[in-house]
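Each chain, letter by letter, is given below.
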Amino acid sequence: MIDAHCHLQFPQLETLHPLLAQQMRHAGISAAIVNGTCEADWPNVFYLCHQQPHFFYPAYGLHPWKISNRSPQWSETLENFLRAEPNASIGECGIDHWRKDIPKSDQREVFATHAALSSKLDRPMSIHGLKAWGAIYEVLANIKALPPFLLHSYSGPREMIAPFAALGAYFSFSAYFFEPRKAATCEMFRHIPFDRLLLETDAPDMKGPASFFPEHSHHPFHHPLTLPRTAELLASHLALPTAQLIEQSSSNARRLFRLELQSFPCSPSVTWSIKRTAP
Ligand SMILES: [Zn+2]
């Protein structure tokens, strides 16, 4: 299975490295898209992903909560990171109207810059949205030749699934949606087209309820190894065999992020590895 959105570069997870990649592989995770959030953490994403090539895949972007600290040359720096790495996607970026302290116009302008870069460089985006689905839709609908994109931890209305999907949206599910107060979001996920559904942790954020994840409840952060349990729980919620959900969501993630499974005949114990195809 593939973790379509996480932040393994965050300091809370520092103590888990360097065993983490090995433990993730052991748990059946075959790739993770590691999202930057600000100019200061892009080098850490770069470093981490170069430690585990073809397993951790980088994404670079300005999270809407962090745009206030952007430098005047942020978009040039972003483009440089992306051009240097054909493996990289764009994210985390987006619009968040739940945060009243960040001017809407600034958020929209920064997100529109990411969307324009996505089209210019033909890279998928990983998008954060909160109470701003209309604004996000407007920006995306105005971009010509927009590549497919991920609405990570999608919590928008059911009526917007089809219009977003028509623009090329994929939707990822996070463990946090098992919180009782998120029951409506969990329900909404029954209506996501199966060929657009992805799994994510958003680790170290978006921790799931302790009763659903007892093994990892003692961690003060969302542990990346919760993904298999999330897959199992979501499969049960959707009344699907877990293996079918894992196979379909992995295939969806490979298509969106242009990952390609390759077999190696060298050793029976090393049968699979993941390689990113050129855009
Ligand atoms: Zn995130």
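Residues numbered from 1 in each chain as written. Predicted model: local features only at pLDDT ≥ 70, side-chain atom pairs only at ≥ 80, totals over all residues. Heavy atoms only, no water.

Section: the sheet that holds strand S3 (residues 56–60)
Remark on secondary structure: sheet strands pair via backbone hydrogen bonds, oriented parallel or antiparallel. Defined as follows: Pairing between strands requires that DSSP locate at least two bridges from one strand to the other. Strands here mean DSSP runs of E at least two residues long; helices mean DSSP runs of H or I at least four residues long; both are numbered from the N terminus. All axes are obtained by fitting lines to C-alpha atoms, using only the stretch in contact for helices, and the reported angles, taken between N-to-C directions, cover 0 to 180 degrees. We call two residues contacting when some pair of their heavy atoms lies within 4.5 Å.
The sheet built from eight strands is open, its strands ordered S1-S2-S3-S4-S5-S6-S7-S8 with parallel pairing. Only two strands of the sheet have a single neighbouring strand rather than two, namely strand S1 (2–6) and strand S8 (197–199). Neighbour-to-neighbour, the strand axes of this sheet turn through a mean angle of 30°, independent of strand direction. Two strands pair when backbone bridges link them, and strand S6 (residues 149–151) and strand S7 (residues 169–173) are joined in this way by three bridges, in the parallel orientation. In the sheet register, Phe149 faces S7, and the bridge partner there is Ala169. The sheet strands contacting helix H4 (residues 104–121) are strand S4 (89–96) and strand S5 (125–130), and the helix crosses S4 at an angle near 155°. Packed on one face of the sheet, helix H8 (residues 227–237) meets S1, S7 and S8 and runs near 145° to S8.

Brief notes about the confidence of the model for the protein
Predicted coordinates in regions of low pLDDT should not be interpreted in detail. Spelled out, the test is: The predictor reports its confidence for every residue as pLDDT, a score running from 0 up to 100.
Looking at the protein, the pLDDT average stands at 92 and 93% of residues meet or exceed 70. Taken as a whole, residues 261–279 scores under 50 in pLDDT and shows 40 contacts with residues more than four places along the chain or in a different chain.

Section: helix H9 (residues 242–257)
Keep this limit in mind: Multiplying 1.5 Å by the helix residue count minus one yields the expected span of that helix. The classification of residues rests on relative accessible area computed with a 1.4 Å probe and restricted to protein chains. Under 20% of the type maximum is buried, over 50% is exposed, and intermediate values are partly exposed. Of all possible arcs, the one meant is that of the directions from the helix axis to the C-beta atoms.
Taking 1.5 Å as the rise per residue, H9 with 16 residues should run 22 Å; its terminal C-alpha atoms sit 22 Å apart, in good agreement. Along H9, the residues classified as buried are Leu245, Ser249, Ser250, Asn252, Ala253, Leu256 and Phe257. One side of H9 holds all its buried residues, which, seen down the axis, span an arc of 160°. Summarising the geometry of H9, the exposed residues directed more than 90 degrees from the buried face are Ala243 and Glu247. Arg258 lies just past H9 and shows a positive phi near 60°.

Examining the packing of H4 against helix H5 (residues 133–141)
For any two helices packed against each other, one specifies the crossing angle of their axes together with the interaxial distance. Note the following rule: Any angle between 65 and 115 degrees counts as roughly perpendicular, while under 35 counts as roughly parallel, over 145 as roughly antiparallel, and the rest as oblique. Helix crossings are classified by the rotation of the near helix relative to the far one: an anticlockwise turn of less than a right angle makes the crossing left-handed, while a clockwise turn makes it right-handed. Residues are grouped as follows: nonpolar covers Ala, Val, Leu, Ile, Met, Phe, Trp, Tyr, Cys and Pro; charged covers Asp, Glu, Lys and Arg; every other residue, Gly included, is treated as polar.
For the pair H4 and H5, the least separation of the axes is 10 Å and the interaxial angle reads 40°. One element, H4, and the other, H5, form an angle in the oblique class. Judged by the twist between their axes, the crossing of H4 over H5 is right-handed. Packed against H4, whose contacting residues are Arg108, Phe111, Ala112 and Ala115, the element H5 presents Ala135, Ile136, Glu138, Val139 and Leu140 at the interface. For the contact of H4 with H5, the per-class residue count stands at seven nonpolar, no polar and two charged.

Thoughts on the coordination of the zinc ion
What counts, and what does not: Counted as coordinating are nitrogen, oxygen and sulfur atoms within 2.8 Å of the metal, or 3.2 Å for Na, K and Ca, while water is not included, which may make sites look incomplete. Think of it this way: with four donors and all angles in the 85 to 135 degree range, the site is tetrahedral; with four or six donors, opposite ones beyond 155 degrees and the rest between 65 and 115, it is square planar or octahedral; otherwise it is irregular.
Around the zinc ion, the protein contributes the donor atoms His5 (NE2), His7 (NE2), Glu92 (OE) and Asp202 (OD), which lie 2.1 to 2.3 Å from the metal centre. Of note is the zinc ion, whose four donor atoms meet at the metal with angles of 87 to 174° in an arrangement that counts as irregular. Coordination of the zinc ion draws on donor residues from a single chain, spaced H-x1-H-x84-E-x109-D in sequence. In terms of burial, His5 and His7 fall into one category: buried.

A few points about the side chain of Thr201
Quick reminder of the rule: Identification of polar contacts relies on pairs of N or O atoms within 3.5 Å, with a donor-acceptor requirement for protein atoms, meaning one able to donate a hydrogen and the other able to accept it, and with residues adjacent in sequence counted only if both atoms are side-chain atoms.
Structurally, the position occupied by Thr201 is in the loop between S8 and H8. A polar contact of 2.6 Å, which involves the side chain of Thr201, links it to the side chain of Asp3.

Description of the nonpolar core
Operational definition: In plain words, nonpolar cores are sets of buried Ala, Val, Leu, Ile, Met, Phe, Trp, Tyr and Cys residues tied together by side-chain atoms within 4.5 Å.
Of all hydrophobic cores here, the largest spans 76 residues; its most connected members are Leu8, Phe56, Met125, Leu140, Tyr154, Phe164 and Phe171. Counting residues in each nonpolar core, the second largest holds 13 residues, with Ala31, Ile33, Leu198 and Ala253 among its members.

Quick look at the packing of aromatic side chains
To keep things clear, this is the line we draw: Centres within 6.5 Å are what make two rings of Phe, Tyr or Trp a pair, Trp counting through its six-membered ring; a difference in plane orientation under 30 degrees is then read as stacked, over 60 as edge-to-face, and the rest as tilted. Note on geometry: a ring has a charge over it if NZ (lysine) or CZ (arginine) is within 6 Å of the ring centre and within 35 degrees of the ring normal.
Counted under the stated rule, the structure contains 14 aromatic pairs. Measuring from centroid to centroid gives 5.6 Å for Tyr137 and Phe164, while their planes differ by 70°, and the two rings are edge-to-face. Of the two residues, Tyr137 is situated in helix H5 and Phe164 in helix H6 (residues 161–167); the sequence distance between them amounts to 27 residues. Tyr137 sits in the partly exposed class, given a relative accessible area of 27%. Pairing Phe178 with Phe212 gives two aromatic rings, centres 5.4 Å apart and planes at 15°, and the pair type is stacked. Of this pair, Phe178 sits in the loop between S7 and helix H7 (183–188) while Phe212 sits in the loop between S8 and H8; the two residues are 34 residues apart in sequence, bridging distant segments of the chain. A relative accessible area of 10% places Phe178 in the buried class. Look at Phe212 and you get partly exposed, because its relative accessible area is 29%. An aromatic cluster is present here, built from Trp133, Tyr137, Tyr154, Phe164 and Phe171 joined pairwise through their rings. Note that Arg99 overlies the ring of Trp65, its terminal NZ or CZ placed 5.3 Å from the centroid.

Remarks on the pairing of strand S2 (residues 31–35)
Note the following rule: For a crossover, the right-handed case is the one in which the path from the first strand over the helix to the second runs clockwise, viewed with the strands pointing away from the viewer.
Taken across its five residues, S2 has five buried, putting it largely inside the fold. Where S1 and S2 come together, three bridges link them in parallel fashion. Considered in S2, the bridge of Cys6 is made with Val34. Running through helix H1 (residues 20–26), the crossover from S1 to the neighbouring parallel element S2 is right-handed. Across four bridges, S2 lies against S3 in parallel orientation. Its bridge partner being in S3, Val34 is matched across the sheet by Pro58.

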